[in-house]
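What follows is each chain in one-letter form.
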Amino acid sequence: MTSKLPDHLDIHLIRILYLLLVEKNVSRVALKLNQPQSSISASLRKLRELTGDPLLVRGARGMLPTEHGESLLKPAKRILDETERLFAQKTNFVPQDEARTFHVAAPDYLSAAFFVELVVRMRRESPKSRLVIHSLGEDTDYVRLLADGELDLVIANWDAPPAHLHVTKLFDDPIICLMRAGSAFAKRNANGQMSVQDYLALPHAAPWKVLPGYHGTIDSFLDQHSLRRNVVVESASFRMLPYMVAHTDLVLTTGRQFAQFYEKSLPLKTFEVPIKFPPLRFYQLWHERGHQATEHKWLRAQVSAAAKASLN
């Protein structure tokens, strides 16, 4: 037997159905819902019409659910429970108690000191949560991933961040040069001085297509001033570049934070760049879908604090 579905799902009618099947008494349901008995009786008639079943019948000790009525008890309860959850007020994220997986994307030239600080903070403040760090490269459609909720946050530097996304600045990283401490140029210029001609002529290692639509702060600036450096090696992996530089005559132009991390562990020397490049300006970006969520606000606060601490 098939029954005609109502045009609109009436949650109040489902609540009456559930209470009638539990209480097995029209008067008690009327008292519980503070409604006239006649109103509950009318609802029972409508329910019988919709289901094509009496639902409640007289027994030796009062009303009893029919077999079909009994089968509707659990589905009615499930609908009411799901509806209550659907419209329940969202509670605030409690970092120490809750387990949340956060997805953050960043390019591999971002300072290791920053990520160390971020992980330390997250492990301390929300030990049950997980952090998944995604790579951010030329083929990453980070705008779609943010919109779909597959990413919570993107951290990088752009000439101009996408206008429709939320953005906050994290830090500026001055641009410097990095080369092998034992290279011929470094030995000749132990005082750390470098001319513009030196800079342009030296063999450079550079990243290859870091982000979609991103030409790069270095080459964009040089193009604007009709200058060209001598790039002889390009790598899709930025973190490989310091190791190449440490064993060759190559020069790497990068942010001070990134360079100082490798200068501590590799035979490298930093030089001030003779061209006044603008600093690498890093941002965090997020979508409107997570803008008001307390767990997202907490994550963004941790990222901002980690960025500030990593500069010290």
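Residues numbered from 1 in each chain as written. Predicted model: local features only at pLDDT ≥ 70, side-chain atom pairs only at ≥ 80, totals over all residues. Heavy atoms only, no water.

Trainee: Describe the sheet that holds strand β9 (residues 230-235), listing the residues and the values that go with them.
Mentor: Where strands meet in a sheet, backbone hydrogen bonds hold them as pairs that are either parallel or antiparallel. On the basis of which strands lie adjacent, the open sheet formed by 5 strands has the order β9-β8-β10-β7-β11 and mixed pairing. Edge positions in the open sheet fall to β9 and β11 (268-272), since each of these has one partner strand only. On average, each strand axis in the sheet is tilted by 35 degrees relative to the strand beside it, whichever way the strands run. As paired elements, strand β8 (residues 203-207) and strand β10 (residues 251-255) share 2 bridges and run parallel to each other. Residue pairing across strands places His-204 opposite Val-251, the latter belonging to β10. (Pairing = 2+ DSSP bridges. Helix = DSSP H or I, 4+ residues; strand = E, 2+ residues; numbered from the N terminus. Axes fitted to C-alpha atoms, helices over the stretch in contact; angles between N-to-C directions.)

Trainee: Go over the packing of helix α6 (residues 112-125) against helix α13 (residues 294-310) with me, naming the residues and quoting the values.
Mentor: Remark: α6 packs on α13, axes separated minimally by 8 Å, with the N-to-C direction vectors making an angle of 135 degrees. As far as their axial angle goes, α13 and α6 are oblique. α13 is crossed by α6, and the crossing has right-handed handedness. Counted together, Ala-113, Phe-114, Glu-117, Leu-118, Arg-121, Met-122 and Glu-125 of α6 and Trp-298, Leu-299, Gln-302, Val-303, Ala-305, Ala-306, Ala-307, Ala-309 and Ser-310 of α13 form the full contact between these two elements. When the residues that make up the contact of α6 with α13 are grouped by side-chain class, the tally is 11 nonpolar, 2 polar and 3 charged. (Parallel < 35°, antiparallel > 145°, perpendicular 65-115°, else oblique. Left-handed = near helix turned anticlockwise from the far one by under 90°. Contact = heavy atoms within 4.5 Å. Nonpolar A, V, L, I, M, F, W, Y, C, P; charged D, E, K, R; others polar.)

Trainee: Go over the sheet that holds strand β5 (residues 153-157), please, and point to the residues and values.
Mentor: Strands sit in the order β4-β3-β5-β12-β6 across an open sheet of 5 strands; the sheet is mixed. Of all strands in the sheet, those bounded by a partner on one side alone are β4 (130-135) and β6 (166-173). Sheet twist, expressed as the mean angle between neighbouring strand axes with direction ignored, is 20 degrees. Pairing of β5 with strand β12 (residues 280-286) involves 4 bridges; the strand directions are antiparallel. Following the sheet pairing, Ala-156 is matched in β12 by Tyr-283.

Trainee: Any chance you could break down the nonpolar core for me, citing the residues and the numbers?
Mentor: Grouped together as the largest cluster of nonpolar side chains are 53 residues, with contacts concentrated most on Phe-114, Tyr-199 and Phe-277. Those residues within four positions of Tyr-199 in sequence are excluded, and the remaining contacts are Cys-177, Met-194, His-204, Ile-218, Arg-229, Thr-253, Val-273, Pro-274, Ile-275 and Phe-277. Grouped together as the second largest cluster of nonpolar side chains are 18 residues, Ala-30, Leu-44, Leu-55 and Ala-76 included. (Core = buried A, V, L, I, M, F, W, Y, C linked by side-chain atoms within 4.5 Å. Buried < 20%, exposed > 50% of the residue type's maximum accessible area, 1.4 Å probe, protein only.)

Trainee: I'd like a description of α13, backed by residues and values.
Mentor: The terminal C-alpha atoms of α13 lie 24 Å apart, and with 17 residues this matches the ideal 24 Å at 1.5 Å per residue to within 8%. Of the residues making up α13, those classed as buried are Glu-295, His-296, Trp-298, Leu-299, Arg-300, Gln-302, Val-303, Ala-306, Ala-307 and Ser-310. Packing partners of the buried residues in α13 comprise β3 (101-106), α6, β5, β6, α12 (256-263) and β12. (Expected span 1.5 Å × (residues − 1).)

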